[in-house]
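Coordinates in review
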Amino acid sequence: MSARHTFVTSVGDLLASWNLPHATGRVYGLLLLTEEPISLDTIAAELELSKGAVSTAVRQLGSWGLARVIPQPGSRRLLVEATGGIESLLEASQARARTLIAALREGEALVNAGPAQERLQDVIGLFAGYVDVGGQLLARHRERRPGSGTARPSSAG
């Protein structure tokens, strides 16, 4: 098994653990390794997936902000490229967590003081902490990204 195949499979496993189909994760893994945008047919051939499975995976990746479809003028052929690293997935996860927090806060009005209210507030606090820490992590990542103008020299030596 090649290192490329192992990487693509590992990304598929990772995203499957986040409730995305394994094929979607494998497509994302391949896109991360590809220098130029590639066609659905090329993805299907390399990953041994049906064109329908690839099309579904690309739509899912697009909805998460992880891939971009590039129409080809005068052709029905589409090219696909990864739009970012796992940062995009983390940002999407953060957005979903904020939506969950808002829904949970609406539930606070539905309970009286007591164990149910305490559980609800505990869950809200947990997700709010996740959003806060995740936001700080993403901000630090953006500051250190090459080309951001604020990258710090590495102290590793």
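All figures in this text were calculated on a predicted structure; none of them were measured in a lab.

**Some words on the pairing of strand E3 (residues 78-82)**
With two bridges joining them, strand E1 (residues 38-39) and E3 adopt antiparallel strand pairing. Of the residues in E3, the one forming a bridge with Ser39 is Leu79. Two strands pair when backbone bridges link them, and strand E2 (residues 67-71) and E3 are joined in this way by five bridges, in the antiparallel orientation. Counted as the bridge partner of Pro71 is Leu78 from E3. Where E2 hands over to E3, the hairpin turn is made up of six residues, of which Gly74 adopts a positive phi near 75 degrees.

**A word on the confidence of the model for the protein chain**
Averaged over all residues, the pLDDT of the protein chain equals 86, while 90% of them reach at least 70. Across residues 150-157, where pLDDT falls below 50, the model places six contacts with residues more than four positions away in sequence or in other chains.

About the criteria used
- Residues numbered from 1 in each chain as written.
- Predicted model: local features only at pLDDT ≥ 70, side-chain atom pairs only at ≥ 80, totals over all residues.
- Heavy atoms only, no water.
- Pairing = 2+ DSSP bridges.
- Helix = DSSP H or I, 4+ residues; strand = E, 2+ residues; numbered from the N terminus.
- pLDDT = per-residue confidence, 0-100.
- Contact = heavy atoms within 4.5 Å.

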